[in-house]
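One letter stands for each residue in the lines below.
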2 protein chains.
Amino acid sequence: MYTFKPEPIELVEVGPRDGLQNEPDIVATVDKLALIGDMLGYGARRLEVASFVHPQRVPQMADAEAVIAALPDRADATYIGLVLNKRGVMRALATRENGRRGIDQVGCVIVASDTFGQKNQGQTIAEGIAENRAMLRFAKAEGMRAQVTISAAFGCPFEGAVEPATVLRIAEELAAEGPEEIALADTIGVGTPAQVGSLFERLGKLLDGRIPMRCHFHNTRGTGIANAWAAYQSGVRIFDASLGGLGGCPFAPKATGNIATEDLIYMMEGSGVATGIDLDAAIAANHRFAEVLGRELPSMVARAA
Amino acid sequence: MYTFKPEPIELVEVGPRDGLQNEPDIVATVDKLALIGDMLGYGARRLEVASFVHPQRVPQMADAEAVIAALPDRADATYIGLVLNKRGVMRALATRENGRRGIDQVGCVIVASDTFGQKNQGQTIAEGIAENRAMLRFAKAEGMRAQVTISAAFGCPFEGAVEPATVLRIAEELAAEGPEEIALADTIGVGTPAQVGSLFERLGKLLDGRIPMRCHFHNTRGTGIANAWAAYQSGVRIFDASLGGLGGCPFAPKATGNIATEDLIYMMEGSGVATGIDLDAAIAANHRFAEVLGRELPSMVARAA
């Protein structure tokens, strides 16, 4: 038989953060909350709900605290806030003050490219390692769950190829801080299945079951779903995706979105892999949110439905 | 290392036939020939250039003989004509009369579903087997190269699931006639990688290296490129694709196209698999033909370029 172990996967629904951050029109807080409610409704149990970045840099996330304050207080949900520095972790911690539910887990980010890292968050790789290690330590000391994503792990828009050894060295440094998981992200959607399968296999050997792996793909060059399959084949069981493939920018057609939750779920369930997601409910949620944005979303499965 | 053998593949460019047949506006013969010239230019060496069907059923193919008469007489190219019956084979043979180059190879088609087969070409599976065996015998007897595609091999729009055993039984019957290759086609784009990988692995064992396998995917539910990767992993080395992902119908958004040549080539070359295709030239050809049709084509790679 075609080599394949049908083990369940976990979806991390990143639509509310990575999906929305490039939308040129500000989505109302109430619409974000309705979207998150729909996502819980179709079975998403871990959701990237906001990022703690400066509102001048990402205006779409200016209402992060307002969104978080109104999240349903569900015991079975994990809400992730993206953080780029210690100040972000402090904002995440502040959402829990005065007995409020707030953020459950922070998602740290390091870029596997000096040039891209400096442009994106003012850090070389070495500075990013130091900052992320400090953030992970600080979060844990304060009782905040924390994980980390290595961004541009399969290619950099400025430097081109990214050496697997560079990514693995970063992962090894971060692993020393015991994050809940380490993700590799194909931020610009250049990865291919052989590359993805190989790098996750090497990461899996490095982490040796001590720390779970997560993957994050964009479909910029049509390889996103194939890369997700290759990651699955190399032992990844946690997958980022965004409803509808949100994450593109309607004014920049080349900035395409995350892989679509519906397409990932269709591919996985159709391959015998349990996801815990109700695909029909996700498609219905896609169509509701498409009305909010006033345009069709990229998911192929939702279009075929 | 992630299990992976970098062996070269062959592209079968199906844009001129499967890509165009659903276009509502008739593409001028001269534009079809320019498209085929572009495809030869980017390195395609086997091309499905026309189908021999009744012009009332597929008006876009009414100029089949005119297109074929004007094809470049290149020794390194193989021109395929699609045939659904013996009359089609006779039309293919007629293109070679009077010393003309004409069609090099006929592509026969059988549908792996009684209901779909009856609607598409008025044949049950049993009737299709008999007809295709007769066509293969007739073509060979007349000195015409011939191969065959098993359509709806991964699902039927009317009957739903298609049993792998049904597909394999059809393949076994057809193999007895010694076609140059046997293809499995996901005509409606419902297949998933585990299903594709498993069925091609079983077909490979059945054919045991005697007859090469070819695959044909549509990206209707976003799985097309992932399915191509799974097929590669199961030993398939011949891939149908159409420039730009042609094959959708602009008036029926749910009828999405073949996997895009550019996206397949990007994925394969980026995985270390040689294709013989010049990707930049294919993207340029996409942009030229998009001008002919007056709309952007679905290929993600061409959009990202």
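Each remark here, short or long, concerns the structure printed above.
Rules of the game
Residues numbered from 1 in each chain as written. Chains lettered and ligands numbered in written order. Predicted model: local features only at pLDDT ≥ 70, side-chain atom pairs only at ≥ 80, totals over all residues. Heavy atoms only, no water. Contact = heavy atoms within 4.5 Å. Buried area = accessible area lost by both parts, 1.4 Å probe. Salt bridge = Lys/Arg side-chain N within 4 Å of Asp/Glu carboxyl O. Polar contact = N/O pair within 3.5 Å; in protein donor to acceptor, adjacent residues only side chain to side chain. Helix = DSSP H or I, 4+ residues; strand = E, 2+ residues; numbered from the N terminus. Pairing = 2+ DSSP bridges. Axes fitted to C-alpha atoms, helices over the stretch in contact; angles between N-to-C directions. Core = buried A, V, L, I, M, F, W, Y, C linked by side-chain atoms within 4.5 Å. Buried < 20%, exposed > 50% of the residue type's maximum accessible area, 1.4 Å probe, protein only. Parallel < 35°, antiparallel > 145°, perpendicular 65-115°, else oblique. Left-handed = near helix turned anticlockwise from the far one by under 90°. Nonpolar A, V, L, I, M, F, W, Y, C, P; charged D, E, K, R; others polar.

S.K.: When you look at the interface of chain B and chain A in this model, what are you seeing that I'm missing?
M.R.: By a frequent convention, interface size equals the accessible area lost on bringing the separate parts together. Counting residues at the interface gives 35 residues for chain B and 35 residues for chain A. Of the roughly 2,900 Å² buried at the junction of chain B and chain A (both faces included), carbon and sulfur atoms supply 63%. In this structure, the connection of chain B to chain A is made through zero salt bridges. On inspection of chain B and its partner chain A, the count reaches 13 residue pairs in polar contact (both at pLDDT 80 or more). Those elements that provide at least two residues to the side of chain B that touches chain A are helix 8 (193-207), helix 9 (224-233), helix 10 (261-270) and helix 12 (300-304) of chain B.

S.K.: In this structure, what is going on with the sheet that holds strand 4 (residues 105-111) of chain B? I would like to understand it.
M.R.: One key point about sheets: their strands pair by backbone hydrogen bonds, in either a parallel or an antiparallel sense. Residue and element names in this part refer to chain B. Sheet architecture is closed into a barrel: eight strands sit in the order 1-2-3-4-5-6-7-8, paired in parallel fashion. Averaged over all pairs of adjacent strands, the angle between their axes in this sheet comes to 30 degrees, without regard to strand direction. In this sheet, strand 2 (residues 46-52) lies alongside strand 1 (residues 10-13) in parallel orientation, the contact comprising two bridges. Residue pairing for strand 2: V12 is matched across the bridge by R46. Against the sheet, helix 2 (residues 29-42) engages strand 1, strand 2 and strand 3 (78-83), with an angle of about 155 degrees to strand 2. Running over the sheet, helix 9 touches strand 6 (182-186), strand 7 (213-217) and strand 8 (238-241) and is turned about 170 degrees from strand 7.

S.K.: Just checking my understanding: could you explain the nonpolar core for this structure?
M.R.: Side chains of nonpolar character tend, in soluble globular proteins, to be buried together. Formed by 204 residues in total, the largest nonpolar core has its most connected members in I150 and F200 of chain A together with I150 and F200 of chain B. The contacts of F200 of chain A, once residues within four sequence positions are left out, are F154, L184, M213, R214, C215, F217, A231, S234 and V236 of chain A.

S.K.: What is the right way to look at the packing of helix 8 (residues 193-207) of chain A against helix 9 (residues 224-233) of chain A in this model?
M.R.: All names here are of chain A. Remark: helix 8 packs on helix 9, axes separated minimally by 8 Å, with the N-to-C direction vectors making an angle of 30 degrees. The angle between the axes of helix 8 and helix 9 places the two elements in the roughly parallel class. By crossing handedness, the relation of helix 8 to helix 9 is classed as right-handed. On helix 9, the residues that touch P193, V196, G197 and F200 of helix 8 are A226, N227, A230 and A231. Taken together, the residues that form the contact of helix 8 with helix 9 break down as six nonpolar, two polar and no charged.

S.K.: I would appreciate a short explanation of the side chain of R46 of chain A in the present structure.
M.R.: Residue and element names in this part refer to chain A. In this fold, R46 is placed in strand 2 (residues 46-52). You can call R46 buried: its relative accessible area is 4%. A polar atom in the side chain of R46 sits 2.9 Å from the side chain of Q105. Setting aside residues up to four positions removed in sequence, R46 forms contacts with E10, L11, V12, E13, T78, I80, Q105, Q147, E181, R214 and I238.

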